[in-house]
Amino acid sequence: RTDYPEMAASEDAFERLKAAAGSAQYERAHKPYAPLREGESIPSMQKLWAHAMRRYGRYQGYAWVGVIVTGALAFGLASATREDSSTRGEKEGR
């Protein structure tokens, strides 16, 4: 199945389109806090965290590399633009 609407090209397709749920019925069934289906239970925090770590854990390394590179770049730019105390005295004529 695709996300594109079905084009009714046969009598069978017309019957399926007639039986399709309306948008309000679809919204009621798929709202964030819809009643749980039969046999389904609310996931525990442990299950939610395990799912998040499986799905997004691989990006944690990239995030830390970004933090370290940004910190090193900021330190390097701050060091490059800071005037040394010995050169400051020479510029002021001391």
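Quick summary incoming for the structure in this document. (Residues numbered from 1 in each chain as written. Predicted model: local features only at pLDDT ≥ 70, side-chain atom pairs only at ≥ 80, totals over all residues. Heavy atoms only, no water.)

## Notes on the overall build of the chain
Point 1. When helices and strands are tallied, the chain shows five helices and zero strands.
Point 2. Reading the chain from its N end, one meets helices and strands in the order α-α-α-α-α.
Point 3. Taking all 94 residues of the chain together, 2% fall into the buried category.
Point 4. Accessible surface for the chain amounts to roughly 9400 Å². Of this, 59% is attributable to carbon and sulfur atoms. (Helix = DSSP H or I, 4+ residues; strand = E, 2+ residues; numbered from the N terminus. Buried < 20%, exposed > 50% of the residue type's maximum accessible area, 1.4 Å probe, protein only. Areas by Shrake-Rupley, 256 points an atom, 1.4 Å probe, with all protein chains shown as cover.)

## What to know about the packing of aromatic side chains
Point 1. Under the definition given, this model contains one aromatic pair.
Point 2. Ring geometry for Tyr-59 against Tyr-62: centres 6.4 Å apart, planes inclined by 45°, an arrangement best described as tilted. Here Tyr-59 and its partner Tyr-62 are both found in helix 4 (residues 58-81), three residues apart, which amounts to about one turn of the helix.
Point 3. Overall, Tyr-59 belongs to the partly exposed group, its relative accessible area being 44%. (Phe/Tyr/Trp six-rings, centres within 6.5 Å; stacked < 30°, edge-to-face > 60°.)

## A closer look at a nonpolar patch on the surface
Point 1. Among the surface-exposed residues, Met-45, Leu-48, Trp-49 and Met-53 lie close enough to one another that they form a single nonpolar patch of about 470 Å² accessible area.
Point 2. Within the element layout of this structure, Leu-48 appears in helix 3 (residues 45-56).
Point 3. On the accessibility criterion, Leu-48 (42% relative accessible area) is partly exposed. (Patch = residues over 30% accessible without salt bridge, like charges linked within 9 Å, V, L, I, M, F, W, Y side chains within 5 Å. Salt bridge = Lys/Arg side-chain N within 4 Å of Asp/Glu carboxyl O.)

## Here we look at the packing of helix 3 against helix 4
Point 1. Packing of helix 3 against helix 4 brings their axes to within 5 Å, and their N-to-C directions diverge by 65°. Here Met-53, Arg-55 and Tyr-56 of helix 3 come into contact with helix 4, specifically with Arg-58, Tyr-59 and Gln-60.
Point 2. Split into classes, the residues belonging to the contact of helix 3 with helix 4 amount to three nonpolar, one polar and two charged. (Axes fitted to C-alpha atoms, helices over the stretch in contact; angles between N-to-C directions. Contact = heavy atoms within 4.5 Å. Nonpolar A, V, L, I, M, F, W, Y, C, P; charged D, E, K, R; others polar.)

## What to know about the pattern of salt bridges
Point 1. Applying the stated criterion across every chain, the model contains one salt bridge.
Point 2. With a shortest N-O distance of 3.4 Å, Arg-37 and Glu-40 are connected by a salt bridge.
Point 3. With relative accessibility at 61%, the residue Arg-37 sits in the exposed group.
Point 4. By relative accessible area, which is 38% here, Glu-40 ends up partly exposed.

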